[in-house]
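Listed below, chain by chain, are the residues.
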Amino acid sequence: MASLSESEVTNRGSMWELDQNLDQPMDEEAGRLKNMYREKKFSSVLLLRLAFQSLGVVFGDLGTSPLYVFYNIFPRGVDDDEDVIGALSLIIYTLTLIPLLKYVFVVLRANDNGQGGTFALYSLLCRHAKINTIPNQHRTDEELTTYSRQTYEENSVAAKIKRWLEAHAYKRNILLILVLIGTCTAIGDGILTPAISVLSASGGIKVQNQNMSTDIVVLVAVVILIGLFSMQHYGTDKVGWLFAPIVLLWFILIGSVGAVNIHKYNNSVLKAYNPVYVYRFFRRRWNSDIWTSLGGVMLSITGTEALFADLCHFPVLAIQIAFTLIVFPCLLLAYTGQAAYIISHKQHVVDAFYRSIPDAIYWPAFVIATAAAIVASQATISATYSIIKQALALGCFPRVKIVHTSKKFLGQIYIPDINWVLLVLCIAVTAGFKNQSQIGNAYGTAVVIVMLVTTFLMVPIMLLVWKSHWVLVVSFTVLSLVVEVPYFVACILKIDQGGWVPLVIATAFFLIMYVWHFCTVKRYEFEMHSKVSMAWILGLGPSLGLVRVPGIGFVYTELASGVPHIFSHFITNLPAIHSVVVFVCVKYLPVYTVPTEERFLVRRIGPKSFHMFRCVARYGYKDIHKRDEDFEKLLFDCVLFFVRLESMMEGYSDSDEFSVPEQGAAGRPLMMSGAAAGAFLAAEKTSMCSNGELSFSSQDSIVPAQSPAPAPALRGVTARWSASTEVGDELEFLNRCKDAGVVHILGNTIVRARRDSGVVKKIAVDYMYAFMRRMCRENSVLFNVPHESLLNVGQIYYI
């Protein structure tokens, strides 16, 4: 940008206007690109193959529920056949209403470009309404190809809901708290699933040897759990090809055994498909232990939320096919067969699953059951990693090490710190309770809370994203709550019988997430209010009032516009600054991914003589800084591309390629990326060389091939020729500065509560947040900054 004269500054009015004109948020940099992320079409054969593969990833948890459901429904034994038939009828219609109708055919459609889970729903809402509690979003972010959103009529119901949500900050906070509750209980689900699945499968050893101690079963379960978590660093991609065949074999086994038991013992259980028996079940057990039974029935749909969270790599149609053709029929046969066996052997309700298996296939069935329990545990563990990654990206979890275990599937990750925390908690739950009943009570509590959160989040999704009629929204909500609220009450009444475990786990993770997010938001607000005026920077002059030493300084900031306070703090305390300064902002958006060609935005700050730039790197919650990626090189290349493209666009307007420019290129902000800039430069080279009058030299400078007498039509060409000389000098200057050395300047901030703050705030900020800051990974590690090129600038923020 050319320097502003005194008259120009006067004409613009106040310093505030000057500040706005010099460093506005990047508008034109984020030009629209062609949408490359339309929904893919799959052939029938590929769709069936994906449906088969989804069995091993999505349905393992739901499929292992027959191991422990009936024991938790009747922990005190069975007195009457009608109770078994009524419980079976309740299981049948619970499976039909929740997994089949609610999730498979409704909730799965609310995915974020194939990403499922609580945070995926939250990201959808953040794109359609301004409810993000960290206000670092800008309208240019909405032009991303992955940033899909709806427009609303002024007086529509969706518009009114949108305005209602955006009206007050407390509504945004309530929504965030709801999301965090669902996320934290889902993490508790990831702890309890391995515990109850592996312990239930290991219980098959005792069936053939009644004299065996329960401690032996628990020991076997603990050994399996240790082996399971110790193998996590290899990733599911190494052994994932085994998962689908194992789970398919498991479903065939339980379905076949169920059909045999119906024929062999008592086919009268088929009348449970009449919903009248649900009413009879409630009437018979209302004054006895109906809530205990409901808590047991709740376990038949555990894994349903994991079905949504593990959506990542499979189209919705493939999951719908797998569930309706294989999972749902086999589960109905399995539960019906167990009910038939229990009616004939009421004393075996404790271990009805293994007792109902024919002796000839008992041990093969035990091996398959154990393998299926491991697969089910793997699915929830992987889902927990994904949840932590999403929470971290949206500023709700401390920075932890994330390892990609597959080059083909970015969704397959491993988090070492979380892995060992899960292992310790799983072993503690398994060894502490030693029986399925109390773990089942805890498990049901975690599952039903997540389901309720999903139901509440689906209401604004249906109104804002789908623009559904309010009658459909009310119908969906009422039908979901009619089923889920009784189960929630049943689980809450069993808090003292193990239900307290997921509440304690969820509370601990909630405090971690909320305190981290609160301090992150307050720190961002502090930086926004204390950022340096661009007018002050201009007043320092090209040298910024200091000695400009050779080299490039990358100054990291959370601000996407304006000069951070850390910069003024730095130049106030040191007598020199680098010849080239690049302010780097890395921010996450409420999208699942940002395409590489749209990731970086670059613009110039101040006149060209200042050699100051801003680079904004945008990521989605699925994206991550790869360790083999040279972030420093990417930043420098983007600045070089910006300078080249800036000179290319300096000499002409959109209407007339050879017209005299109205303003310098510095006044024309650009979006820059390697792929986009390369394509643009190639196109420019082709178009300008094809007219026979211009050509490119080896330095990509435009020089006249033939020099006729100057004509009015070629004044723009002369201007561009002059600009090319300038850009060549600037590119050479940038390369010399890079050779002189690169320094990464990071803020090493200490956040403290004010002296007049309350006791709770002081504990949260001065102790909890401070401890998490010391324990989490440094930004320098995330950006892969060499230690010898790192410069920390210390500051204290009082919030």
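The residue numbers shown here count from 1 along each chain, following its written sequence. The predicted origin of the model limits local features to residues at a pLDDT of at least 70 and limits the giving and counting of side-chain atom pairs to 80 or more, whereas totals for whole chains, interfaces and linings rest on all residues. The basis for the side-chain values is all heavy atoms of the structure; hydrogens and waters are excluded.

**Q** Honestly, the overall build of the protein in this entry has me stumped. Any pointers?
**A** For the purposes of this entry, the term helix denotes a DSSP run of H or I that reaches at least four residues, the term strand denotes a run of E that reaches at least two, and both are numbered from the N terminus. Across its full length, the protein holds 29 helices and 10 strands. Partly exposed residues are those whose accessible area sits between 20% and 50% of the maximum for their type, while under 20% is buried and over 50% is exposed, using a 1.4 Å probe and protein chains only. Expressed as a percentage of its 799 residues, the buried residues of the protein come to 56%. Contacts are residue-level and defined by heavy atoms, with any inter-residue pair within 4.5 Å sufficient. Of the contacts made within the protein by residues no fewer than 6 positions apart, 83% connect residues no fewer than 24 positions apart. Total accessible area on the protein stands at roughly 33,800 Å², and carbon and sulfur atoms take up 60% of it. The protein chains shown are the only cover counted for residues, whose accessible areas, like all others here, come from Shrake-Rupley with a 1.4 Å probe.

**Q** Even after reading the chapter, I still don't get the environment of L546, so can you show me in this structure?
**A** Following the sequence through the fold, L546 ends up in the loop between helix 23 (534-540) and strand 3 (547-557). Separated by 25 residues in the primary sequence, L546 and I571 place their C-alpha atoms 7.7 Å from one another. Excluding residues that lie within four positions of it along the chain, L546 makes contacts with I571, L574, P575, A576 and I577.

**Q** Could you clarify how one ought to interpret empty space enclosed by the protein in this entry?
**A** Cavity and pocket criteria rest on a 1 Å grid covering protein atoms alone: a 1.4 Å probe that fits but cannot get out defines a cavity, protein on both sides within 12 Å along at least 5 of 7 lines defines an open pocket, and an atom within 4 Å of a point defines a lining residue. Grid points are joined across faces, edges and corners, and a volume is the space filled by probe spheres set on the points. Taken as a whole, this structure holds four cavities of 30 Å³ or more when the rule is applied. In this structure, the largest cavity occupies an estimated 130 Å³ of space. A186, E305, A306, A309 and I387 are, among the 13 residues lining the largest cavity, the residues nearest its centre. Listing elements by their share of the lining of the largest cavity, those giving two or more residues are helix 9 (169-202), helix 15 (304-309) and helix 18 (362-393).

**Q** Mind showing me how you'd approach the environment of Q378 here?
**A** Relative to the helices and strands, Q378 is located in helix 18. Once the C-alpha coordinates of Q378 and L228 are considered, the two residues, 150 residues apart in sequence, prove to be 7.9 Å apart. For Q378, the side chain forms a polar contact with the side chain of Q232, separated by 2.7 Å. Pairs of N or O atoms are called polar contacts if they sit within 3.5 Å, as long as, within protein, a hydrogen donor faces a hydrogen acceptor (for residues adjacent in sequence, only side-chain-to-side-chain pairs).

**Q** How should the packing of aromatic side chains be read in this particular structure?
**A** Where two aromatic rings form a pair, the distance of their centres and the angle of their planes describe that pair. What counts as a ring pair is set by centres within 6.5 Å for rings of Phe, Tyr and Trp (its six-membered ring), and what kind of pair is set by the plane angle: stacked under 30 degrees, edge-to-face over 60, tilted for all other angles. Under the criterion given, the structure shown has 19 aromatic pairs. Plain terms: the ring middles of F59 and F323 are 6.0 Å apart, the flat faces sit at 35 degrees to each other, and that makes the pair tilted. Note that F59 is positioned in the loop between helix 3 (44-58) and helix 4 (60-63) and F323 in helix 16 (residues 316-344), a separation of 264 residues in sequence. For F323, a relative accessible area of 0% gives the class buried. Ring centres of W250 and F353 lie 5.4 Å apart, and the angle between their planes is 40 degrees; this geometry places the pair in the tilted category. Of this pair, W250 sits in helix 12 (residues 236-264) while F353 is found in helix 17 (residues 352-355), placing the two residues 103 residues apart along the sequence. A relative accessible area of 1% places W250 in the buried class.

**Q** I keep staring at the nonpolar core and nothing clicks. Help me out?
**A** Side chains of a nonpolar character, in soluble globular proteins, are inclined to be buried together. The criterion is simple. A nonpolar core is a set of buried Ala, Val, Leu, Ile, Met, Phe, Trp, Tyr and Cys residues joined through side-chain atoms within 4.5 Å. One finds F59 and Y354 to be the most contacted residues of the largest nonpolar core, which totals 165 residues. Contact partners of F59, with chain neighbours within four places excluded, come to S54, F251, L307, I319, A322, F323 and V327.

**Q** Honestly, unusual backbone geometry in this entry has me stumped. Any pointers?
**A** Excluding glycine, a negative phi dihedral is what most residues carry, and trans is how most peptide bonds are arranged. In the Ramachandran plot, K467 falls in the positive-phi region, its phi being about 55 degrees despite a non-glycine side chain. Residue position: K467 is located in the loop between helix 20 (436-465) and helix 21 (470-492). We classify K467 as partly exposed; its relative accessible area is 42%.

**Q** What should I look at first to understand helix 14 (residues 290-298) in this one?
**A** Because an α-helix packs 3.6 residues into every turn, residues spaced three or four apart end up facing the same way. The element helix 14 is largely enclosed, with a buried count of eight among its nine residues. Considered for burial, the residues of helix 14 that qualify are I290, T292, S293, L294, G295, G296, V297 and M298.

**Q** What is the right way to look at the sheet that holds strand 9 (residues 742-752) in this model?
**A** For sheets, the rule is that strands pair by backbone hydrogen bonds, running either parallel or antiparallel. Whether two strands pair comes down to DSSP finding at least two bridges between them. Across the sheet, which stays open at both edges, the six strands sit in the order 5-6-4-3-9-10 with mixed pairing between neighbours. Either end of the sheet is taken by a strand with one partner, and the two such strands are strand 5 (600-605) and strand 10 (790-798). In this sheet, adjacent strand axes meet at a mean angle of 25 degrees when their direction is disregarded. When strand 5 meets strand 6 (residues 612-619), the two strands line up antiparallel, connected through six bridges. By the bridge assignment, R604 is partnered in strand 6 with F613. Packing of helix 22 (residues 500-529) onto the sheet brings it into contact with strand 3, strand 9 and strand 10, and relative to strand 10 it is tilted by some 95 degrees. Lines fitted to C-alpha atoms define the axes here, with helix axes fitted over just the stretch in contact, and angles between the N-to-C directions of these axes take values from 0 to 180 degrees. Strands in contact with helix 24 (residues 565-573) are strand 3, strand 4 (576-588), strand 9 and strand 10; relative to strand 10, the strand with the most contacts, it is inclined by about 115 degrees.

**Q** What am I meant to see in the confidence of the model for the protein here?
**A** Per-residue confidence for the protein gives a mean pLDDT of 77, with 80% of residues at or over 70. The low-confidence segment residues 1-22 (pLDDT under 50) makes 27 contacts with residues lying over four places distant or belonging to another chain. For residues 652-723, every residue scores under 50 in pLDDT, and the model assigns this stretch 116 contacts once sequence neighbours within four places are set aside. pLDDT is a per-residue confidence score from the predictor, ranging from 0 to 100.

**Q** Got a minute to help me understand the packing of helix 9 against helix 19 (residues 416-433) in this structure?
**A** Packed helix pairs are characterised by how far apart their axes lie and by the angle those axes make with each other. It is the contact of helix 9 with helix 19, at a shortest axis distance of 9 Å, that shows an interaxial angle of 45 degrees. Considering the angle they form, helix 9 stands oblique to helix 19. In this structure, the crossing between helix 9 and helix 19 has a hand that is right-handed. In this structure, helix 9 uses I191, L192, P194, A195 and L199 to contact helix 19, whose residues at the interface are L422, L425, C426, V429 and T430. Here is the rule for angles: anything less than 35 degrees is roughly parallel, anything more than 145 is roughly antiparallel, 65 through 115 is roughly perpendicular, and the remaining ranges are oblique. Crossing chirality is assigned from the near helix's rotation relative to the far helix, an anticlockwise turn below a right angle marking it left-handed and a clockwise turn marking it right-handed.

**Q** When you look at the pattern of salt bridges in this model, what are you seeing that I'm missing?
**A** For side chains bearing opposite charge, pairing can occur when the charged atoms are close. Here, a salt bridge means any side-chain nitrogen of Lys or Arg that lies within 4 Å of a carboxyl oxygen of Asp or Glu. Counted by the stated rule, this structure contains 11 salt bridges. With its nearest N and O atoms 2.9 Å apart, the salt bridge here joins K633 to D637. With a gap of four residues between them, K633 and D637 both fall in helix 25 (residues 631-648), about one helical turn apart. Here K633 falls in the partly exposed class, since its relative accessible area comes to 45%. For E732, the salt bridge goes to R736, with nearest N and O atoms at 3.6 Å. Here E732 pairs with R736, and both are found in helix 27 (residues 715-740), just four residues apart, close to one helical turn. Exposure remark for E732: the relative accessible area of 46% places this residue in the partly exposed category. A relative accessible area of 48% means that R736 is categorised as partly exposed. In the salt-bridge network here, residues are joined through shared partners; they are D80, D83 and R284.

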